[in-house]
Amino acid sequence: MSVAELQEYGLVEMDDGEIRDFLSSQQMGVLGLPGDEVPYLIPISYGYNGDERLYFTYLIGSSSRKKTLSDETDTASFLVFTVDTMYNWQSALLTGTLSEVPESDWDALEETLSDAWRPSLIETATLSGDVAVFELSIEEQTGIKHQGLPPALRPDTE
């Protein structure tokens, strides 16, 4: 069913401001990179500049598929979602240009990246591993949400 068809069940499209607020309030999503036969999906934390850019910190081992695929593509997708209940959830799908940020520019991103959630394992490994920072420049964004019971399930107020 299309978003328009689902609106009668309480689904609402988010405007740009709502998407910005949603992205600002979250810290994790799923990065989609083109793979050989199927997309390569990676759960990853992000920093958001509050406007049109997301930043990802990659921990790179001796052979990083994530880094290789990121280097080989220009375009990526990123999905951010939260589900509180079956009747209260939000999601935003972003598509844009993915590029590596030169290390000389990392200091300027310190505040943006400081809010990105990272498991302690990654924080510890970062001290001994190679790191890369990638930027997703958002070119397209859509957001939908469902908050509250669908109209058919709401108690009669008459």
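Preceding this paragraph is the structure being described.
My aim in this report is to walk through the structure given alongside it, one point at a time. Just so it is clear, the model here is predicted, and its values are computed rather than measured.

What counts as what
Residues numbered from 1 in each chain as written. Predicted model: local features only at pLDDT ≥ 70, side-chain atom pairs only at ≥ 80, totals over all residues. Heavy atoms only, no water. Patch = residues over 30% accessible without salt bridge, like charges linked within 9 Å, V, L, I, M, F, W, Y side chains within 5 Å. Areas by Shrake-Rupley, 256 points an atom, 1.4 Å probe, with all protein chains shown as cover. Salt bridge = Lys/Arg side-chain N within 4 Å of Asp/Glu carboxyl O. Helix = DSSP H or I, 4+ residues; strand = E, 2+ residues; numbered from the N terminus. Buried < 20%, exposed > 50% of the residue type's maximum accessible area, 1.4 Å probe, protein only. Contact = heavy atoms within 4.5 Å.

On the surface, Leu79, Phe81, Val83 and Leu93 cluster together to form a nonpolar patch covering roughly 350 Å² of accessible area. Examining the composition of the nonpolar patch, we find that 3 residues originate from one element, strand E6 (residues 75-85), more than from any other. In this structure, Phe81 sits in strand E6. Phe81 gets classed as partly exposed once you look at its relative accessible area, which sits at 45%.

For Ala76, the location among the structural elements is in strand E6. Residues Ala76 and Leu31, spaced 45 residues apart in sequence, show a C-alpha to C-alpha distance of 7.3 Å. Each residue touching Ala76, except ones within four places of it in the same chain, is listed here: Leu31, Gly32, Leu33, Leu94, Thr95, Gly96, Leu98 and Leu136.

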